[in-house]
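Structure assessment
Read off the chains here:
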Amino acid sequence: LEDGGRRFAVWILRDVTGQRAAERRIRELNSELEERVRQRTSNLERANAELEETLRQLERAHESLVRSEKLAALGALVAGIAHELNTPIGNCVTVASALRDQTVEFDARAGAAQMRRSELAGFTSSARDAAELLLRNLARAHELIASFKQVSVDQTSEKRRPFDLRKVLDEVATTLRAGLRKSPYTLRVD
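Structure report, in brief.

Notes on the packing of aromatic side chains
- Applying the stated criterion across every chain yields a total of one aromatic pair.
- Ring geometry for Phe106 and Phe123: centres 4.2 Å apart, planes at 10°, overall stacked. Residue Phe106 is located in helix H1 (residues 17-111), and its partner Phe123 is located in helix H2 (residues 117-156); the two are separated by 17 residues in the primary sequence.
- Judged by relative accessible area, which is 21%, Phe106 ranks as partly exposed.

Describing the side chain of Asn137
- Residue position: Asn137 is located in helix H2.
- Contact partners of Asn137, with chain neighbours within four places excluded, come to Pro88, Asn91 and Cys92.

A short note on a nonpolar patch on the surface
- There is a patch of nonpolar side chains on the surface, built from Leu1, Phe8, Val10 and Ile12 and spanning about 460 Å² of accessible area.
- Among the secondary structure elements, Ile12 is positioned in the loop between strand E2 (6-7) and H1.
- Using a relative accessible area of 71% as the deciding quantity, one classes Ile12 as exposed.

So, H1
- Over its 95 residues, H1 runs 135 Å from end to end, which matches the ideal 141 Å to within 8%, given 1.5 Å per residue.
- Where H1 bends most, the angle comes to about 30°, and this point is Asn86, followed within four residues by the proline Pro88.
- Taken as a whole, H1 has its buried residues at Gly80, Glu84, Leu85, Pro88, Cys92 and Val95.
- At the exit of H1 stands Ala113, carrying a positive phi of roughly 55°.

Rules used throughout
- Along each chain, residues carry numbers from 1 onward, in the same order as the chain's sequence is written.
- Residue-level local features of this predicted model are given only where pLDDT is at least 70; pairs of side-chain atoms are given and counted only at 80 or more, and the full residue set underlies all totals for whole chains, interfaces and linings.
- Heavy atoms throughout the structure, all of them, feed into the side-chain values; hydrogens and water do not.
- A pair of aromatic rings is counted whenever rings of Phe, Tyr or Trp (Trp by its six-membered ring) have centres within 6.5 Å, and the orientation is called stacked for planes under 30 degrees apart, edge-to-face for over 60 and tilted otherwise.
- By the criteria applied, helices consist of DSSP H or I runs no shorter than four residues and strands consist of E runs no shorter than two, each listed in order from the N terminus.
- A 1.4 Å probe rolled over the protein chains alone gives each residue an accessible area, and that area as a share of the maximum for its type sets the label: buried under 20%, exposed over 50%, partly exposed in between.
- Two residues form a contact once any of their heavy atoms are found within 4.5 Å.
- Patch construction takes residues with relative accessible area above 30% that form no salt bridge. Like charges are linked within 9 Å, and nonpolar side chains (Val, Leu, Ile, Met, Phe, Trp, Tyr) are linked within 5 Å.
- Where accessible areas are quoted, they stem from the Shrake-Rupley method and a 1.4 Å probe; at the residue level, only the protein chains shown are allowed to cover.
- Definition used for salt bridges: Asp or Glu carboxyl oxygen within 4 Å of a side-chain nitrogen of Lys or Arg.
- Multiplying 1.5 Å by the helix residue count minus one yields the expected span of that helix.
- Fitting one axis to the seven residues ending at a residue and another to the seven starting there, the bend at that residue is the angle between the two axes.

Structure below.
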């Protein structure tokens, strides 16, 4: 400093040891804090990775359950269809085997020339009835197969098509009837 041509020097002594220690402590705390942040970030990244893997596992489990449910539903549908088809086909087998037995017996009597007119009339009547039963049951089996096929096509196609509502309801009712037989419910189309 200068004052009236004289120069002065001003000295101030201050102990900064505490300040330096505080600064060093702040730097250490900052370093510790940064390390904690890095550690927590790493832990969070690991936890996120584990959560993502768990989510993927849950999605795979969900897909597996959906597939299992679809397979179970398909199995139930196939069992219902098989049951529905077994009735008319079983009837056809029964009628065809009875007709075969009657034909063998008829052939034996005809070959031995021991046939009466009433036996011939009875055989032709039985054969006609058997043919009618076979045709009815085979038509029913054909109708069931066509119905199941149409329901399947309708479920997998997004195309629009004109339809007879009564016929569609009858097809759906035919498909559902097997499952409803074992339940306390009845289906009535009105």
